[in-house]
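Chain residues, written in single-letter form:
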Amino acid sequence: MAIRAFSRSKFSTFSSILLQGLKRTSIRENPFPPKPTSPGLEIEPWKPICGFRLYHDGRPRGPLWRGKKLIGKEALYVISGLKRFKDDEERLGKFIKNHVLRLLKMDMIAVLTELERQEEVNLAIKVFKVIRKQDWYKPDVYLYKDLIISLAKSKKMDDVMLLWECMKKEDLFPDSQTYTEVIRGFLSSGSPADAMNIYEDMKQSPDPPEELPFRILLKGLLPHPLLRNRVKQDFEELFPEQHVYDPPQEIFGSC
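Residues numbered from 1 in each chain as written. Predicted model: local features only at pLDDT ≥ 70, side-chain atom pairs only at ≥ 80, totals over all residues. Heavy atoms only, no water.

**Student:** Account for the overall build of the protein, naming residues and giving values.
**Tutor:** Along the backbone of the protein there are 13 helices and zero strands. Listing every helix and strand of the protein by position from the N terminus yields α-α-α-α-α-α-α-α-α-α-α-α-α. The 255 residues of the protein split such that 33% are buried. Of the roughly 18,100 Å² that the protein leaves accessible, carbon and sulfur atoms contribute 56%. (Helix = DSSP H or I, 4+ residues; strand = E, 2+ residues; numbered from the N terminus. Buried < 20%, exposed > 50% of the residue type's maximum accessible area, 1.4 Å probe, protein only. Areas by Shrake-Rupley, 256 points an atom, 1.4 Å probe, with all protein chains shown as cover.)

**Student:** With reference to specific residues and values, describe the pattern of salt bridges.
**Tutor:** Following the criterion strictly, the structure yields 12 salt bridges and no others. Residue Arg230 pairs with Glu200 through a salt bridge whose shortest N-O separation is 2.8 Å. With Arg230 in helix H12 (residues 225-238) and Glu200 in helix H10 (residues 192-203), this pair connects stretches of sequence that are 30 residues apart. Residue classification places Arg230 among the partly exposed residues on the basis of a relative accessible area of 40%. Among the ionic contacts, a cluster of salt bridges with common partners joins Glu200, Lys203, Arg230 and Asp234. (Salt bridge = Lys/Arg side-chain N within 4 Å of Asp/Glu carboxyl O.)

**Student:** Got a sec to walk through unusual backbone geometry? Specific residues and values, please.
**Tutor:** Positive phi, close to 60 degrees, is recorded for Glu119, a residue that is not glycine. Tracing the backbone through its elements, the reader meets Glu119 in the loop between helix H5 (105-117) and helix H6 (121-132). By relative accessible area, which is 61% here, Glu119 ends up exposed. The phi dihedral of Lys155 falls on the positive side, at around 60 degrees, and the residue is not glycine. Inspection of the secondary structure assignment puts Lys155 in the loop between helix H7 (141-153) and helix H8 (157-169).

**Student:** Kindly report on the packing of H10 against helix H11 (residues 211-220), identifying the contributing residues and their values.
**Tutor:** Angle between the axes and distance between the axes: these two values describe a pair of packed helices. Here H10 crosses H11 at 155 degrees, and the two axes come no closer than 12 Å. Put simply, H10 runs roughly antiparallel to H11. Every pair of crossing elements has a handedness; the one defined by H10 and H11 is left-handed. Across the interface between the two elements, Ala195, Met196, Tyr199 and Met202 from H10 touch Pro213, Phe214 and Leu217 from H11. Per-class residue counts for the contact of H10 with H11 are seven nonpolar, no polar and no charged. (Axes fitted to C-alpha atoms, helices over the stretch in contact; angles between N-to-C directions. Parallel < 35°, antiparallel > 145°, perpendicular 65-115°, else oblique. Left-handed = near helix turned anticlockwise from the far one by under 90°. Contact = heavy atoms within 4.5 Å. Nonpolar A, V, L, I, M, F, W, Y, C, P; charged D, E, K, R; others polar.)

**Student:** Summarise the environment of Phe186; cite the residues concerned and give the values.
**Tutor:** Structurally, Phe186 can be placed in helix H9 (residues 176-188). Contact partners of Phe186, with chain neighbours within four places excluded, come to Met157, Met161, Ser191, Asp194, Ala195 and Ile198.

**Student:** Can you lay out the packing of aromatic side chains for me, pointing to particular residues and giving the numbers?
**Tutor:** Inspection of every chain in the model, using the stated rule, returns eight aromatic pairs. With a centroid separation of 5.8 Å and 75 degrees between ring planes, the pair formed by Phe214 and Phe239 is classed as edge-to-face. Placement of the pair is Phe214 in helix H11 and Phe239 in the loop between H12 and helix H13 (249-252), with a sequence separation of 25 residues. Exposure remark for Phe214: the relative accessible area of 2% places this residue in the buried category. A relative accessible area of 15% places Phe239 in the buried class. By way of ring pairs, the aromatic residues Tyr199, Phe214, Phe235 and Phe239 are connected into one cluster. (Phe/Tyr/Trp six-rings, centres within 6.5 Å; stacked < 30°, edge-to-face > 60°.)

**Student:** Break down helix H4 (residues 89-98) for me, citing the residues and quoting the values.
**Tutor:** Helical geometry: 3.6 residues make up each α-helical turn, so side chains three or four residues apart lie on a common side. Residues of H4 that are buried include every one of Leu92, Phe95 and Ile96, and no others. Down the axis of H4, the sector holding all buried residues measures 100 degrees, keeping them to one side. Facing away from the buried side of H4 by more than 90 degrees, the exposed set consists of Glu90 and Lys97. Each element contacted by the buried residues of H4 is listed here: helix H3 (73-84) and H6. Residue Asp88 occupies the N-cap position of H4, its side-chain oxygen lying 3.3 Å from the main-chain nitrogen of Glu90. (Arc of directions from axis to C-beta. Polar contact = N/O pair within 3.5 Å; in protein donor to acceptor, adjacent residues only side chain to side chain.)

**Student:** Could you give an account of the packing of H10 against H12, with specific residues and numbers?
**Tutor:** Where H10 meets H12, the closest approach of the two axes is 11 Å, and the angle between their N-to-C directions is 20 degrees. With respect to their mutual orientation, H10 and H12 come out roughly parallel. Crossing of H10 over H12 shows left-handed handedness. Of the residues in H12, those in contact with Pro192, Met196, Tyr199, Glu200 and Lys203 of H10 are Leu227, Arg230, Val231 and Asp234. Considered class by class, the residues forming the contact of H10 with H12 number five nonpolar, no polar and four charged.

**Student:** I'd love a proper account of the side chain of Gln134, names of residues and values included.
**Tutor:** Relative to the helices and strands, Gln134 is located in the loop between H6 and H7. On the basis of relative accessibility, which here comes to 19%, the residue Gln134 falls in the buried class. Among the polar contacts made by the side chain of Gln134, one reaches the main-chain carbonyl oxygen of Val130 at a distance of 2.9 Å. Ignoring anything within four residues of it in the chain, the contact list for Gln134 reads Leu101 and Met108.

Put into structure tokens, the structure is as follows:
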């Protein structure tokens, strides 16, 4: 009992001494002062370093965030519904009738754009057909352009040509980027003759020619020297200061 009493009194005495020491020491005093840093090396977490932040702010990165923040709730619901029923034509048709047709103009265009971004080109075609039937629709080359480029990248060239004919009927002319992607699509699909048809159509365009579609053709037509020579002659006439690379004859024959 004596030993326990002694230990208790010793502990209480030690506690009182420690509390007195804390009262004497100012709270502002830091027993471990920070190391001095030069102003140039000081890092502030809210400022980006080399274009990157030191923390994640919780937002999705890339085109997903840029696309979704411009799309309303009804448009997002329609996109998810179209994707859900895309393998069931009957239910998909009912969904389009009950929901897509009720969308406002901007929501309908937003649905089309988002489907193109997600490479849901078959659904995008259906939405585009709905848009063309609306009272507010006016021929717009950019609506055609985005859809045609998406189809060409997916190598759905039959659908590309259907839209191409519709665009012509509405007196619209593609731009150089559209020509380039369609020509590239035909070449990658193994259809150089169709690529040349698009090239002949491009020569009739009222817009001034650009180099890129010519260079895509010159590269894609290497196994077809006769067709390549036609494009090469036109390229040298239009761009006399530019150089055309000709591969060695033993690779593809005489060009």
